[in-house]
Amino acid sequence: MRPRLIAVSALALLALAWFGLHWARNREARAPSAGADSTTAGVRSVRLYFAAPSGASLVGEPREVVEAATLHERVVGLVAELDRGPRGGGVAALPAGTAALHVFLDEHGLLTLDLSRAFQQGFRGGSGAEYLAIASLVRTLSANLPEVKRVLIVCGGRPIVTLGGHLPLDQPLDVNDWP
């Protein structure tokens, strides 16, 4: 009986050692490289704008995002980050589910931004909430895309006159008007 117990114990120890070694190797493979920086890792710093808790203004929040190759991917990523909401002390200003569908930038700096219908259909609020939603978009885009001078917002491929009835959206918005 004793030799059998020794053999089973030895097998159990070998199995534990094998699992421990495997676990350690997998852990090393998953660990990020200590020497990686934003240039080699494809990460970019951006500044997002969310509503202040008081609802009276916007607050900026720095964030690291994956570097995007095209303008379309950059805009889609910025709007997605706004939709995810703040990580700090701000409050989400966009209606939940808002996403950038299509993006077009002309040679004069006019960015036409086609947003999902959730932007218009999910909006609930008054003039202050409307201002903060539009300002959040315009300020975030202009802060991270210096080539953007004006923004025209459309939803689901169709022009919209206003989001909540207070601000006209049927004309391009000059980024300098949204400090």
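See the structure above.
Scope of this entry: the structure provided in the associated data block. Keep in mind the model is a prediction, meaning the values are calculated, not measured.

### Concerning the pattern of salt bridges
Inference 1: Applying the stated criterion across every chain, the model contains four salt bridges.
Inference 2: With a closest N to O distance of 2.7 Å, Arg63 and Glu81 form a salt bridge. Here Arg63, found in strand 2 (residues 58–66), pairs with Glu81, found in helix 3 (residues 71–84); they are 18 residues apart in sequence, far enough to count as distant. The exposure classification of Arg63 matches that of Glu81, with both residues buried.
Inference 3: One salt bridge in this structure joins Arg74 and Glu147, with 3.2 Å as the shortest N-O distance. Of this pair, Arg74 sits in helix 3 while Glu147 sits in the loop between helix 5 (127–144) and strand 5 (150–155), placing them 73 residues apart in sequence.
Inference 4: Through salt bridges with shared partners, a single ionic network connects Glu61, Arg63, Glu81 and Arg84.

### Re helix 3
Inference 1: Its 14 residues give helix 3 an end-to-end C-alpha distance of 20 Å, which sits within 8% of 20 Å, the value for a rise of 1.5 Å per residue.
Inference 2: Against the buried residues of helix 3 lie strand 1 (43–51), strand 2, strand 3 (100–105), strand 4 (110–115) and helix 5.
Inference 3: Residue Gly85 follows helix 3 closely and has a positive phi angle near 95 degrees.

### Describing the pairing of strand 5
Inference 1: Counting buried positions over the six residues of strand 5 gives five, a clear majority of the element.
Inference 2: Where strand 4 lies against strand 5, six bridges are found, and the strand directions are parallel. Within strand 5, the position partnered with Leu111 by the bridge is Val151.
Inference 3: Judged from the two bridges that link them, strand 5 and strand 7 (residues 173–174) form a sheet pairing that is antiparallel.

### What about the pairing of strand 3?
Inference 1: When strand 3 meets strand 4, the two strands line up antiparallel, connected through five bridges. Directly across from Ala100, in strand 4, lies its bridge partner Leu115.
Inference 2: Here strand 3 folds back onto strand 4 in antiparallel fashion, the turn holding four residues, of which Gly109 has a positive phi close to 90 degrees.

### Thoughts on the packing of aromatic side chains
Each aromatic ring pair is characterised by the separation of its centres together with the angle its planes make.
Inference 1: Counted by the stated rule, this structure contains one aromatic pair.
Inference 2: Judged by centre distance (5.2 Å) and plane angle (25 degrees), the ring pair of Tyr131 and Trp178 falls under stacked. A residue pair is termed long-range when its members are at least 10 positions apart, and Tyr131 in helix 5 and Trp178 in the segment after strand 7 qualify at 47 residues.
Inference 3: With relative accessibility at 10%, the residue Trp178 sits in the buried group.
Inference 4: Positioned above the aromatic ring of Tyr49 is the side chain of Arg139, whose terminal nitrogen or guanidinium carbon lies 4.2 Å from the ring centre.

Calculation rules
- Residues numbered from 1 in each chain as written.
- Predicted model: local features only at pLDDT ≥ 70, side-chain atom pairs only at ≥ 80, totals over all residues.
- Heavy atoms only, no water.
- Salt bridge = Lys/Arg side-chain N within 4 Å of Asp/Glu carboxyl O.
- Helix = DSSP H or I, 4+ residues; strand = E, 2+ residues; numbered from the N terminus.
- Buried < 20%, exposed > 50% of the residue type's maximum accessible area, 1.4 Å probe, protein only.
- Expected span 1.5 Å × (residues − 1).
- Contact = heavy atoms within 4.5 Å.
- Pairing = 2+ DSSP bridges.
- Phe/Tyr/Trp six-rings, centres within 6.5 Å; stacked < 30°, edge-to-face > 60°.
- Lys NZ or Arg CZ within 6 Å of the ring centre and 35° of its normal.

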